[in-house]
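Close look at the chain arrangement
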Amino acid sequence: MFASPFFFGKPSQRFPGASSLALYPGGGCAFRCAPLREWYTVNSPLPQPMADRNETAPPPSSSNVLATKVDPTSARFEANMRFLADVMSQVHNDEEKIREGGGAKAVESQHKKGRLTARQRIDLLADPTSFFELGIFAAHGMYEEWGGAPAAGVITGIARVQTRLVMIIANDATVKAGAFFPMTAKKVIRAQNIAIENRIPTIYLVDSAGVFLPLQEDVFPDTDDFGRVFRNNAVMSAMGIPQIAAIMGMCVAGGGYLPVMCDHVLMTDGSGLFLAGPALVQAAIGQKVSAEDLGGAAMHSAISGTVDFREPTDQSCLERIRSIIDKWGYRRQSPWDRRKPLPPAMAAEEIYGIYDSSPARPYDTKEILARILDASRFDEYKPEYGKTLVCGYGRIGGFAVGIVANQKLHAQATDHEGHKRLEFGGVIYTESAEKAARFIMDCNQNLIPLVFLQDVNGFMVGRDAEWSGIIKAGAKMVNAVSNSVVPKITVIVGGSFGAGHYAMCGKAYDPRFVFAWPTARYAVMSGDAAAGTLVEIKVKQLERSGKTLSEEEKKELYESVKRTYDEQTDPRYGAARLWIDKIIDPSETREAITHALEAAALNPDVAEFKVGVLQT
C-alpha cells in the first residue's frame, strides 16, 4: 500500500558529510550521496577545484529566504493533499506491477537456469539504495497483442557502484527472453544518450534473445533502432566513457556486438555468445554443434579470447564488476559550483497540500520552490517584471542553479501607456518571455545549470499580445533555450501545453533529464480546449452536409473526444513513449534534480555559448 508522504518520517539518520538518508515505512527510502569525500572524488581525487566546495554556507539573509503563507490546517490544503496522494498511489501501484516483469512463472524459469533476475542483479551490483530508475513506464500499455512488454523488457537507471556514478542497462529475461521490442531499443538508446551527454560510465547486464522477430521491421533499420546501440558503443568508447558488459544469459545475432565493443567483457558459465545459434548454424551450413562449443563461456575465455573474465555465477560476476570499478581513476572536474547541501527550511511533504490542479484555484510556485531549494534561499531575478514567470538563483543539493518556473498566481501589470491589466497565471506574456530569455543567457554566461519547472498554458494571444510583440519575445526565449550550453533539467509539474512547452525546455530542446509529477499534462492544448475545438469542427462539417446534432449528441461527442485526449495527455502515456524519463513523487523533486545534477557534473566540457540572431 502507498502511504501518503505525510506519514513519511524525517530522515532517521544523518551522517557527517552525507546529505541525507531517509527511511520510510515499508522499506522505502530516499538516499543522496555517499561519504563527504564524494563531493570531491566523483570527478577528482583531490579536493582542489573551487567548483566543488565543502565550506559552510553563509548564514541566511532574510532578504533571500522564501517566506510561506501556507496553512496546513486549511480545508483546501487537506483536499489537495488527498488528491495528490491518490494520484501518486495509482502511479506507485502501476510501478509495482511493472516490477513483476514477465510474472512469477518467468522468474521461476530464470532461477531454474541458475540465473538471477535483472532487478536482483542490480540490487547486488549497485551500492545500497542508490539505484535511481529511469524509464520504468516505457512501453506501458503497448504491445498488448503480444502479451505486453513491462518496462520494455530492459531496466535502466543511474546508480553508484563503489561510490562511482554509473548508468546501468539490464535486459529483463523474464519478458520475452529479453527480446528487443521497438521501445526496448529506444529505451537503451535513451540511456546511452544520457550517458554520452553527461559522460556517465555504463554497465550492460546482457541477457537477451535478440530482436523480437514479429516486429523486426520496427526494430532493425532506422536511426533510433537496434543498430544505433552498437554505434553508440563505438562513440562512447572513442569519447573515453568507460563501458563494461557482463553476458549473463543469451547474447545472440547482432546483439553479440554490444558486449564485444565495450572496454571489459565478462561472461558467466552457462551463457552463450554467438552470431547464430546452433539451430541456425545447422540450417545455414549443416553443421551440428552444441551451444557450449559454439559460444559458451569456456570457449570464449580459452579459445576465441573474446571474454576478459569468466565467472561461475551471477553473484561472482557482479562482484568482479564492483572490483574493477573500485580501481578506476578520476577525471577532470566539471565547472558547476557545488557546496555542502542544506535541507529546505520547509518540509517537502507540504508540496502535496500546496499544489492545486484547478485553474480556479491558482497556487504560488514560490511555495514549491521554498520546499526544493537549499535552505529555501532564492535570489529572484526581476521580481516586479514579467510576473507570470519566476526566474532566480538558488541551490539544489548544493549545486548552484538558475530557476525558470511558471507562476500560477494571477498578477497585476502596467503597460507602456500606464494602463493596468490582469495577467493570468501559467501564461507567458511578452515581458515574461523577454525576462526569461535574458536570464537564461545570463546563466550561460556565468556557468549556472538551469532547472525549468513547467506548469504552462502557453503564450498569450489576442490583439494586445500581438501588438506587444509576443511572437518576437517568444522566439527570443526559444532561441536562448535552444542554444543554452549549461545542463538543463526539466520538471513538468502540471500543464505543458503548446509553444509554452517548447519555450520551457521541452524534450526537443535537449534537457539532460525530463521528470514529471503524476499531475503533469503533456499536449498541444488541454483536454477541455481540444475537445471543444474538435467538436466545433465536427459540428460544422456535419452542418455543411445537411446534418444537425442534438445537444445530447454534442455532449456525447465531447465526452468521447475528451476521454481519448485526456488519456493521451496522462504522463504515463508520455513516459511509455520515453518523452518523460521518470514520473517522480512531488515530495522527491529535490532528490530527482540532485541525481540529475550529479550526473551532469561528470561532464567537464562546456561549449561556447552563442545565440545567433536575436529578434529585438
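Before reading further, recall that the structure is shown in the block above.
Cut-off values and rules
Residues numbered from 1 in each chain as written. Predicted model: local features only at pLDDT ≥ 70, side-chain atom pairs only at ≥ 80, totals over all residues. Heavy atoms only, no water. Axes fitted to C-alpha atoms, helices over the stretch in contact; angles between N-to-C directions. Helix = DSSP H or I, 4+ residues; strand = E, 2+ residues; numbered from the N terminus. Parallel < 35°, antiparallel > 145°, perpendicular 65-115°, else oblique. Left-handed = near helix turned anticlockwise from the far one by under 90°. Contact = heavy atoms within 4.5 Å. Nonpolar A, V, L, I, M, F, W, Y, C, P; charged D, E, K, R; others polar. 1 Å grid on protein atoms, 1.4 Å probe; cavity = no way out; pocket = protein on both sides within 12 Å on 5 of 7 lines; lining within 4 Å. Points joined across faces, edges and corners; volume = space filled by probe spheres on them. Buried < 20%, exposed > 50% of the residue type's maximum accessible area, 1.4 Å probe, protein only. Core = buried A, V, L, I, M, F, W, Y, C linked by side-chain atoms within 4.5 Å.

Okay, the packing of helix H14 (residues 430–445) against helix H16 (residues 470–483) next. Between H14 and H16, the least distance of the axes is 8 Å, while the angle of their chain directions is 25 degrees. Classified by the angle their axes make, H14 and H16 are roughly parallel. As H14 runs across H16, the sense of the crossing is left-handed. Of the residues in H16, those touching H14 at Thr-430, Ala-433, Glu-434, Ala-436, Ala-437, Ile-440 and Met-441 are Ile-470, Ala-473, Gly-474, Lys-476, Met-477, Ala-480 and Val-481. Residues of the contact of H14 with H16, tallied by class, amount to 10 nonpolar, 2 polar and 2 charged.

This brings us to the layout of surface pockets. Quantified by volume, the second largest pocket comes out at close to 710 Å³. For the lining of the second largest pocket, the leading source of residues is helix H2 (residues 75–99), giving 4 residues. Tallied by class, residues from the lining of the second largest pocket come to 10 nonpolar, 12 polar and 10 charged.

Now for unusual backbone geometry. Most peptide bonds take the trans configuration, and most residues that are not glycine carry a negative phi. Residues other than glycine seldom take positive phi values, yet Lys-176 does so here, at roughly 50 degrees. Here Lys-176 is to be found in the loop between strand E5 (164–171) and helix H5 (182–198). Under the relative-accessibility criterion, Lys-176 is labelled partly exposed at 34%. Despite not being glycine, Ser-376 has its phi angle at roughly 60 degrees, a positive value. For Ser-376, the position within the fold is in the loop between helix H13 (365–369) and strand E11 (379–381).

It is worth spelling out the nonpolar core at this point. Counting residues in hydrophobic clusters, the biggest one holds 114 residues, and the most contacted among them are Met-167, Ile-396, Ile-403, Val-404 and Phe-515. Here Phe-515 is in contact with Phe-132, Leu-134, Ile-489, Thr-490, Val-491, Ile-492, Ile-580, Lys-582, Ile-584, Ala-592, Ile-593 and Ala-596, once residues within four sequence places are set aside.

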